[in-house]
Amino acid sequence: MAGNDDKSFWDRARRHLIRYGGTFAPVIIERASGSFVYDADGRAILDFTSGQMSAVLGHGHPEIVQTIREHAERLDHLFSGMLTRPVVSLAEQLAGLLPPGLDRVMLLSTGGESNEAAIKMAKLATGGFETVAFAQSWHGMTSGAAGTTYSAGRKGYGPAPVGSLAIPTPNPYRPRFGNAADWRAELAYAFDLIDRQSTGSLACMIAEPILSSGGLIDLPEGYLAELKELCRARGMLLIVDEAQTGLGRTDAMFAFERDGAVPDILTLSKTLGAGLPLAAVITSAEIEERCHERGFLFYTTHVSDPMPAAVGLKVIEIILRDRLVERARIAGARLRDGLLALQNRFECIGDVRGRGLMQGIEIVRDRYSKEPDEALGTRVSQRCMQLGLSTNIVQLPGMGSVFRIAPPLTISDDEIDLGLAILGDAFEGALQSRAGLNQSLRNTIEAIQPVISAMNAVINP
């Protein structure tokens, strides 16, 4: 079988695939196991992003494989109006893990779908239609969720849903008010602007505890609690989107627990299915009853599917049994210490941030100016792939390249150390490449300088 340079494969991909954002990695992945994916050249590539930030148990976990096999043979998919034991058991399990006020569950397929349903519930429950989100948010690509997504995808599609409003993202590394400690003043000012724009029909605020696609920005401690009070005072619901932070990744089962602020609606997705399409919307009995009385409708092909629900049950069982929340705390500390050591080595690493096994590093030209350096970030990412490490970077206006690092909760210490070593080598190689390019430019300028001087002499004798 041909390797990564299989010309036929890439020709067919160009002819028949719709490109949906970014560029495809120049490798053909043949299989995945544990913390690694394997390309067509037989090369092991350490997966530092858990696939699409989802595979919290790694790839091909044997108990997940067995659960899928059993339900594929016995009970995989049904008419959406039918219920099965895995669906009810998963709803009960989630409610048992969460504080009172998060008692009723709907199971869906993707994060965008769960946020779409949550926003519809908030509008129906409150009677409002205005939604608020962070200016660097990502909550999905379907209509309502896309209306609350501001980090990308806004241009060229016509107007967003009426009532889509945004507030600044609190960024301790780049505080807008000049002081990272002034986030309360920034938040109060943001809601003053919301009050001025609102028609009086505010429905909800949707927020990630750690904005992933927005640059791996961890909300300041206490922020969610303050946000909940601001929403409550306006009759809004607070939706917390834990697509990537839920189920142990941040060294707590749910990231919102740190602030002690229970959301009105919680959405889960990526980590709940450990790589399979499974999502959940969780809210209070009171909100669910109100929505039901008002005719809530969100009937999809795969709502309450039994096989994904069975997988979700197994994911939770493994996380609790193997104490993976505690493992995320210990492994996350090891990962963070390693990233801080790299920051000490490389001036271009401006910031290290995150919680548990969800960490980010921001790449800048220098720490004094904090000037973004997208080109260097791209070179480092490409170099990582060449060296056998899969990484992901986000690049937003006014921000340097930010690496999002979210390995599986099952990653070993040796695998963390390997990833850190590859990152170090990638920075070394990318910086040497830049130094060589700069020297080449200097040499070119020196070489043509006599020609420029001669031309000036002719033009200005």
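Refer to the structure presented above.
Read on for an overview of the structure. (Residues numbered from 1 in each chain as written. Predicted model: local features only at pLDDT ≥ 70, side-chain atom pairs only at ≥ 80, totals over all residues. Heavy atoms only, no water.)

In this section: the packing of aromatic side chains. In this description, an aromatic ring pair is defined by two values, namely the gap between the centres and the angle between the planes. Going through the model one piece at a time under the given rule, you end up with 10 aromatic pairs. Ring geometry for Tyr20 against Phe24: centres 5.6 Å apart, planes inclined by 80 degrees, an arrangement best described as edge-to-face. Since its relative accessible area comes to 68%, Tyr20 is described here as exposed. What makes Phe24 partly exposed here is its relative accessible area of 41%. When the centroid spacing of 6.4 Å and the interplanar angle of 50 degrees are considered together, the rings of Phe79 and Tyr299 count as tilted. With a gap of 220 residues between them, Phe79 in the loop between α3 (62-74) and α4 (85-97) and Tyr299 in the loop between α9 (285-293) and α10 (306-321) connect regions that are remote in the sequence. Each member of the pair, Phe79 as well as Tyr299, is classed as exposed. (Phe/Tyr/Trp six-rings, centres within 6.5 Å; stacked < 30°, edge-to-face > 60°. Buried < 20%, exposed > 50% of the residue type's maximum accessible area, 1.4 Å probe, protein only. Helix = DSSP H or I, 4+ residues; strand = E, 2+ residues; numbered from the N terminus.)

Its place among the elements puts Arg353 in strand β13 (residues 349-355). For Arg353, a relative accessible area of 9% gives the class buried. Of the polar contacts made by the side chain of Arg353, one reaches the backbone oxygen of Leu216; its length is 3.0 Å. Separated by 2.8 Å, the side chains of Arg353 and Asp351 make a polar contact. Other than its neighbours up to four places away in sequence, Arg353 contacts Tyr173, Gly215, Leu216, Ile217, Arg336, Met358, Gln359, Gly360, Glu362, Met399 and Val402. (Polar contact = N/O pair within 3.5 Å; in protein donor to acceptor, adjacent residues only side chain to side chain. Contact = heavy atoms within 4.5 Å.)

Now for the nonpolar core. Core analysis: the biggest nonpolar cluster contains 89 residues, and Ile167 and Met205 have the highest contact counts within it. In this structure, Ile167 is in contact with Val132, Ala133, Phe134, Ala135, Leu187, Ala190, Phe191, Ile194, Met205 and Tyr223, ignoring residues within four places of it in sequence. (Core = buried A, V, L, I, M, F, W, Y, C linked by side-chain atoms within 4.5 Å.)

We now examine the packing of helix α7 (residues 183-197) against helix α8 (residues 223-233). Remark: α7 packs on α8, axes separated minimally by 11 Å, with the N-to-C direction vectors making an angle of 25 degrees. By the angle between their axes, α7 is roughly parallel relative to α8. Note on packing geometry: the crossing formed by α7 with α8 is right-handed. Along the contact surface, α7 presents Trp183, Arg184, Leu187 and Phe191, while α8 presents Tyr223, Glu226, Leu227 and Leu230. When its residues are assigned to classes, the contact of α7 with α8 shows six nonpolar, no polar and two charged. (Axes fitted to C-alpha atoms, helices over the stretch in contact; angles between N-to-C directions. Parallel < 35°, antiparallel > 145°, perpendicular 65-115°, else oblique. Left-handed = near helix turned anticlockwise from the far one by under 90°. Nonpolar A, V, L, I, M, F, W, Y, C, P; charged D, E, K, R; others polar.)

Let us now look at the packing of α3 against α10. Two numbers describe how α3 lies on α10: the axes approach to 9 Å, and their chain directions differ by 155 degrees. The orientation of α3 relative to α10 falls into the category roughly antiparallel. Read as a crossing pair, α3 and α10 show a hand that is right-handed. In this structure, α3 uses Glu63, Ile64, Thr67, Ile68, His71 and Ala72 to contact α10, whose residues at the interface are Pro306, Met307, Ala310, Val311, Lys314, Val315, Glu317, Ile318 and Arg321.

Further remarks concern the sheet that holds strand β5 (residues 130-134). Ordered by their spatial adjacency, seven strands build an open sheet running β4-β12-β11-β10-β7-β5-β6, and the pairing between neighbours is mixed. Two strands in the sheet have a free side with no partner beyond their single neighbour: β4 (104-108) and β6 (164-167). Recorded for the sheet is a direction-independent mean angle of 20 degrees between the axes of neighbouring strands. In this structure, β5 lies alongside β6, joined through four bridges in parallel fashion. Its bridge partner being in β6, Thr131 is matched across the sheet by Ser164. Set on the sheet, helix α5 (residues 111-126) makes contact with β4, β5, β7 (202-207), β10 (237-241), β11 (265-268) and β12 (279-283); between it and β12 the angle comes to about 25 degrees. Lying over the sheet, α7 contacts β5, β6 and β7, oriented at roughly 160 degrees with respect to β6. (Pairing = 2+ DSSP bridges.)

We now examine the side chain of Ser80. In this fold, Ser80 is placed in the loop between α3 and α4. In terms of polar contacts, Ser80 uses its side chain to reach the backbone carbonyl oxygen of Thr300, at 2.8 Å. Looking at Ser80, its side chain comes within polar contact range of the main-chain oxygen of Thr301, at 3.3 Å. Sequence-distant contacts of Ser80, defined by excluding residues within four places in its chain, comprise Tyr299, Thr300, Thr301 and Val303.

Once that is clear, we can look at α3. Taking 1.5 Å as the rise per residue, α3 with 13 residues should run 18 Å; its terminal C-alpha atoms sit 18 Å apart, in good agreement. Buried within α3 we find Ile64, Thr67 and His71. Down the axis, α3 shows its buried residues gathered within 60 degrees of arc, on one side only. With respect to the buried face of α3, the exposed residues turned more than 90 degrees away are Pro62 and Glu73. Elements in contact with the buried residues of α3: α4 and α10. (Expected span 1.5 Å × (residues − 1). Arc of directions from axis to C-beta.)

Here we come to the environment of Leu278. Position of Leu278 relative to the elements: it lies in the loop between β11 and β12. Counting along the chain gives 244 residues from Leu278 to Gly34, while the straight-line C-alpha distance between them is 20 Å.

Everything listed is a geometric property; what it means functionally is a separate question.
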